[in-house]
Amino acid sequence: MFSFIPNAINAIIDIYKLLVLVHFILTLVKVPENKWTTLLTSIVEPALAPVRVLVNKYLPKNWQVIDWSPVALLIGISVAQWVLNLILGIIF
């Protein structure tokens, strides 16, 4: 009856992962700030800030030339999505 719920949750998570990936690429190529990049940053940055603290704490200094927090966030979101799909598979 509510089988659309896992699909909707997965779609929302996939869209967020895509936004994080786009943000990562835009920061690598140094796109000038405009209203779209500002909007994207305001959506993605609240999740990236705590991850950035952890990544910078454990990553060697010579690796910190690039901000690796989006990659770590994408891995974390993917693992959480996998666990959530396991749980939702049991419930639904």
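Scope of this entry: the structure provided in the associated data block. Keep in mind it's a predicted model, so treat the numbers as computed, not measured. (Residues numbered from 1 in each chain as written. Predicted model: local features only at pLDDT ≥ 70, side-chain atom pairs only at ≥ 80, totals over all residues. Heavy atoms only, no water.)

## Looking at the overall build of the protein
Stage number 1. The secondary structure content of the protein amounts to three helices and zero strands.
Stage number 2. Sequence-ordered secondary structure for the protein, helices as α and strands as β, is α-α-α.
Stage number 3. For a compact globule of 92 residues, the expected C-alpha radius of gyration is about 12 Å, and the protein comes in at 16 Å, more than 25% above that figure.
Stage number 4. Structurally, the protein occupies a C-alpha span of about 50 × 35 × 15 Å along its principal axes.
Stage number 5. The 92 residues of the protein split such that 22% are buried.
Stage number 6. The contacts of the protein with a sequence gap of at least 6 include a subset with a gap of at least 24, amounting to 61%. (Helix = DSSP H or I, 4+ residues; strand = E, 2+ residues; numbered from the N terminus. Rg over C-alpha atoms; globule rule 2.2 N^0.38 Å. Buried < 20%, exposed > 50% of the residue type's maximum accessible area, 1.4 Å probe, protein only. Contact = heavy atoms within 4.5 Å.)

## Examining the packing of helix H1 (residues 4-28) against helix H2 (residues 35-58)
Stage number 1. Remark: H1 packs on H2, axes separated minimally by 10 Å, with the N-to-C direction vectors making an angle of 110°. By the angle between their directions, the pair H1 and H2 is classed as roughly perpendicular. Between H1 and H2, the residues in contact are Tyr16, Leu19, Val20, Val22, His23 and Leu26 and Thr37, Leu40, Thr41, Ile43, Val44, Glu45, Ala47 and Leu48, respectively. (Axes fitted to C-alpha atoms, helices over the stretch in contact; angles between N-to-C directions. Parallel < 35°, antiparallel > 145°, perpendicular 65-115°, else oblique.)

## As for H1
Since the α-helix packs 3.6 residues into each turn, any two residues three or four apart lie on the same face.
Stage number 1. End to end, H1 covers 36 Å across 25 residues, agreeing with the expected 36 Å (1.5 Å per residue, within 8%).
Stage number 2. If you check which residues of H1 are buried, you get Pro6, Asn10, Ile13, Lys17, Val20, His23 and Phe24.
Stage number 3. For H1, the secondary structure elements touched by its buried residues are H2 and helix H3 (69-91).
Stage number 4. Two residues or fewer past H1, Lys30 is found with a positive phi of approximately 55°. (Expected span 1.5 Å × (residues − 1).)

## So, the packing of aromatic side chains
Stage number 1. In total, this model carries one aromatic pair according to the counting rule given.
Stage number 2. Centroid distance Trp63 to Trp68: 6.2 Å. Interplanar angle 45°. Geometry classified as tilted. (Phe/Tyr/Trp six-rings, centres within 6.5 Å; stacked < 30°, edge-to-face > 60°.)

## Details of the pattern of salt bridges
Should their charged atoms come close, side chains of opposite charge can pair.
Stage number 1. What the rule picks out here adds up to three salt bridges.
Stage number 2. Residue Asp14 is joined to Lys17 by a salt bridge in which the shortest nitrogen-to-oxygen separation is 3.7 Å. Here the residue Asp14 and the residue Lys17 both occupy positions in helix H1, the gap between them amounting to three residues, near one helical turn.
Stage number 3. Classification of Lys17 as buried rests on a relative accessible area of 19%. (Salt bridge = Lys/Arg side-chain N within 4 Å of Asp/Glu carboxyl O.)

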